[in-house]
Amino acid sequence: MFRKKNTRKAVFILIIVVGLLATQLGSALAATNYIKNGGAEADTGLTDDWLTWSLSGNVTQYSVDSSVSRSGSRSFKIEHGATTDISKIHQWFELFLPGGEYVYSGWIKTENISGGDRFAHLDVVFYDDDYNTLGAANSAGVPGTEDWTYVTIEFTVPRGTTKIDIGFLIDDSTGTAWFDDLELVEADEYKAPSTGSGSGSGSGSGASPATGDNTFALLFAALGLTASIAFITTLKRAKNK
Ligand SMILES: [Ca+2]
């Protein structure tokens, strides 16, 4: 009698633990993309979600291009005419804790990017409350004329950071570049795209690099829910006995 009760108790606890773990795992697998409108698909592209900035306001044109895209139907386009300037599209973030680890990624397509040695790339700049620069990081630069190329920046938020500027740019080079599917996720949620071929598996909003991740997340969440329901049912049955 007592042994039976104890066994039942152990099974209940086991089911709870498995249920909780499965639910946690399910939510962990669905990475949150902190970038707003990373796929350029929303109409607020260069008015609300992203800002434009040029070092000296030189011959630069920024646009949302509805004839070129890696996924969905649009991408961001920068046409840059001076090798001594920077033309950048960017977003500000204020929610990240120092010490946090993140991965910023995106796709870049280029046409005649030349001059300088920085080309088209992604960047991250860290500031304190008074806008003093605390550090910066760049992705690899894409030169010349290249089809969609995947680039990343892995970074740890430096101590004292209260603002982070996240952007993509043409830096000291002339030419044209398109940017699409920008993502900013926590490092432990990051997954590289399964293929580099630009098959368009990412959603238009840039929510997830691969649809397979969501399937797994749903599976684990369902497993967690099933385990929880099984536990409650068993508990009710045990009470009624
Ligand atoms: Ca797009």
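Look up: the structure comes first, before these words.
Scope of this entry: the structure provided in the associated data block. Source: prediction; values computed, not measured.

1. Things to note about the overall build of the protein
Part 1 of the argument: Tallying secondary structure elements over the protein gives three helices and 10 strands in all.
Part 2 of the argument: Ordering the α and β elements of the protein from the N terminus gives α-α-β-β-β-β-β-β-β-β-β-β-α.
Part 3 of the argument: Across the 241 residues in the protein, those meeting the buried criterion constitute 31%.
Part 4 of the argument: The contacts in the protein between residues at least 6 apart in sequence include a share of 75% that link residues at least 24 apart.

2. So, the sheet that holds strand E8 (residues 149-156)
Part 1 of the argument: Pairing within the open sheet is antiparallel, and its five strands lie in the order E2-E3-E10-E5-E8. Both outer strands of the open sheet, strand E2 (60-65) and E8, are each paired with one neighbouring strand and no more. Pairwise comparison of adjacent strand axes, ignoring direction, gives a mean angle of 25 degrees for this sheet.
Part 2 of the argument: Across five bridges, strand E3 (residues 75-80) lies against strand E10 (residues 174-186) in antiparallel orientation. Within E10, the position partnered with Phe76 by the bridge is Phe179.

3. So, the nonpolar core
Part 1 of the argument: Within the largest apolar cluster, 33 residues are counted, with the highest numbers of intra-cluster contacts made by Tyr104, Ala120, Ala177 and Phe179.
Part 2 of the argument: When contributions to this core are tallied by element, the ones reaching two or more residues are E3, strand E4 (86-93), strand E5 (101-114), strand E6 (119-127), E8, strand E9 (163-171) and E10.
Part 3 of the argument: No other element matches the six residues that E6 contributes to this core.
Part 4 of the argument: The residues contacting Tyr104, other than those within four sequence positions of it, are Leu122, Val124, Thr152, Ile153, Ile166 and Leu184.

4. Regarding the environment of Ser173
Part 1 of the argument: Along the chain, Ser173 falls in the loop between E9 and E10.
Part 2 of the argument: Considered as a pair, Ser173 and Ser87 are 86 residues apart in the sequence and their alpha carbons are 9.7 Å apart.
Part 3 of the argument: Not counting chain neighbours up to four residues away, the residues in contact with Ser173 comprise Thr83, Ile113, Ser114, Gly115, Gly116, Arg118 and Phe119.

5. Some thoughts on the pairing of E4
Part 1 of the argument: The pairing of strand E1 (residues 51-54) with E4 spans four bridges and is classified as antiparallel. Counted as the bridge partner of Trp53 is Lys88 from E4.
Part 2 of the argument: When E4 meets E9, the two strands line up antiparallel, connected through eight bridges. Residue pairing in the sheet places His90 in a bridge with Gly167 of E9.

6. What about the sheet that holds E6?
Part 1 of the argument: Taken together, five strands build an open sheet; the order of strands is E1-E4-E9-E6-E7 and the sheet is antiparallel. At either margin of the open sheet sits one strand with a lone partner, and together these are E1 and strand E7 (133-138). Across the sheet, the mean angle from the axis of one strand to that of its neighbour is 25 degrees, orientation sign disregarded.

7. Remarks on unusual backbone geometry
Part 1 of the argument: The backbone of Asp172 shows a phi angle near 60 degrees, a positive value even though the residue is not glycine.
Part 2 of the argument: Along the chain, Asp172 turns up in the loop between E9 and E10.
Part 3 of the argument: Although it is not a glycine, Asp181 sits at a positive phi angle of roughly 55 degrees.
Part 4 of the argument: Of note, Asp181 is situated in strand E10.
Part 5 of the argument: A count of 30 C-beta atoms within 10 Å places Asp181 in the buried class.

Criteria and cut-off values
- Residues numbered from 1 in each chain as written.
- Predicted model: local features only at pLDDT ≥ 70, side-chain atom pairs only at ≥ 80, totals over all residues.
- Helix = DSSP H or I, 4+ residues; strand = E, 2+ residues; numbered from the N terminus.
- Buried ≥ 20, exposed ≤ 12 C-beta atoms within 10 Å, placed from the backbone.
- Contact = placed C-beta atoms within 7 Å.
- Pairing = 2+ DSSP bridges.
- Axes fitted to C-alpha atoms, helices over the stretch in contact; angles between N-to-C directions.
- Core = buried A, V, L, I, M, F, W, Y, C linked by C-beta atoms within 7 Å.

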